[in-house]
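# Tertiary structure, described
Listed below are the residues making up each chain.
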Amino acid sequence: MASGQTQYYGLSQWEAADKVERVDFNSDNAKIDGALHTLAEGAVWEKIGETRAGIPQMSLSIHVPSIGRYRSLQLIFQASMAKGQDLILLASPGDNSNYITLTESGTVSVTSKQFTLLQTTGEGGGTATLFPFGRDSSVGICINSISREGSTFRSIRSMGCNPSILWTSIRQLFVLGSSSSTVDAGSQICLLYTSPSP
């Protein structure tokens, strides 16, 4: 029988004088099997895509293929913008006309189908987790972010649901500055998804 055990999972460790027994191996295999099953049942994040602004631009976007396959999406963002502007997330069905309107002058008009990621910032970052919510599968969201303007820090920790956006309608996510401000060069977003829905 093993006289020692590993630190984290309590697996068998033998000294030279220990008698090796099958019961030790069976016990270890059961622990390993249980730990692997727990991992398989948990959320495993995989990347859908990422984009970075090489120059100041109106928005960053990522295409979301087959949204119905996913249990949730996590957007990781890092951005810098014009002083006094907010960073906004828009969920779109790919037909921007209902969500973002670009006028001839280049200004952006947005509808209520948006979420604020950062407030009045010079720079900041965080995460936004989106998920289907309720019987109608509206989009639920949890936002955690921090921003800095000079020596002043602001944070957002919010949860909510926007019933005007259906989970199954999302085809693209846009991140843009409020009031037609640009997202500065070096800003980036990365979109992950949890393992596909059963």
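None of the values given here were measured: they were computed from a predicted structure.

What follows covers the overall build of the protein chain. Helix and strand content of the protein chain: one helix and twelve strands. Along the chain direction, N to C, the helices and strands of the protein chain fall in the order β-β-α-β-β-β-β-β-β-β-β-β-β. By the burial criterion, 36% of the 198 residues in the protein chain qualify as buried. For the protein chain, long-range pairs separated by at least 24 residues make up 69% of all intrachain contacts whose partners lie at least 6 apart in sequence.

Looking now at unusual backbone geometry. Positive phi is not limited to glycine here, since Ser66 has a value of about 50 degrees. Relative to the elements of secondary structure, Ser66 occurs in the loop between strand E4 (59-63) and strand E5 (73-92). Taking the relative accessible area as the measure of exposure, Ser66 reaches 46% and is therefore partly exposed. Non-glycine residue Ser137 carries a positive phi angle of around 55 degrees.

We describe a pair of aromatic rings using the distance from one ring centre to the other and the angle between the two ring planes. Using the criterion set out here, one finds two aromatic pairs in the structure. With 4.3 Å between their ring centres and 35 degrees between their planes, Tyr70 and Tyr193 make a pair best called tilted. A residue pair is termed long-range when its members are at least 10 positions apart, and Tyr70 in the loop between E4 and E5 and Tyr193 in strand E12 (residues 188-193) qualify at 123 residues. Grouping residues by exposure puts Tyr70 and Tyr193 together as buried.

Turning next to the nonpolar core. Leu73, Leu75, Leu87, Leu89 and Leu117 are the most contacted members of the largest nonpolar core, which totals 30 residues. Looking at this core, the elements with two or more residues in it are E4, E5, strand E8 (114-133), strand E9 (138-149), strand E10 (152-166), strand E11 (172-177) and E12. Ranked by the residues each element gives to this core, the list is headed by E5, at seven residues.

Tracing the backbone through its elements, the reader meets Thr129 in strand E8. Among all residues touching Thr129, those that are not within four sequence positions of it are Ser72, Leu73, Gln74, Gly140, Ile141 and Cys142.

A separate point is the confidence of the model for the protein chain. Predicted confidence across the protein chain gives a mean pLDDT of 76, with 77% of residues reaching 70 or more. Across residues 95-112 the pLDDT falls below 50, and counting only partners more than four positions away or on other chains, this stretch makes 32 contacts in the model.

For the structure shown, the criterion picks out two salt bridges. A salt bridge links Lys47 to Glu50; its shortest N-O distance comes to 2.7 Å. In this structure, Arg148 and Glu123 form a salt bridge, with 2.1 Å as the shortest nitrogen-oxygen distance. With Arg148 in strand E9 and Glu123 in strand E8, the pair connects residues that are 25 residues apart, well separated along the chain. For Arg148, a relative accessible area of 36% corresponds to the partly exposed category.

Turning to the pairing of E4, a few remarks are in order. Alternating positions in E4 separate cleanly, Leu60 and Ile62 being buried on one face and Ser59, Ser61 and His63 remaining unburied on the opposite face. As paired elements, E4 and E11 share five bridges and run antiparallel to each other. Bridge pairing in E11 links Ile62 to Leu173.

Rules behind the numbers
Residues numbered from 1 in each chain as written. Predicted model: local features only at pLDDT ≥ 70, side-chain atom pairs only at ≥ 80, totals over all residues. Heavy atoms only, no water. Helix = DSSP H or I, 4+ residues; strand = E, 2+ residues; numbered from the N terminus. Buried < 20%, exposed > 50% of the residue type's maximum accessible area, 1.4 Å probe, protein only. Contact = heavy atoms within 4.5 Å. Phe/Tyr/Trp six-rings, centres within 6.5 Å; stacked < 30°, edge-to-face > 60°. Core = buried A, V, L, I, M, F, W, Y, C linked by side-chain atoms within 4.5 Å. pLDDT = per-residue confidence, 0-100. Salt bridge = Lys/Arg side-chain N within 4 Å of Asp/Glu carboxyl O. Pairing = 2+ DSSP bridges.

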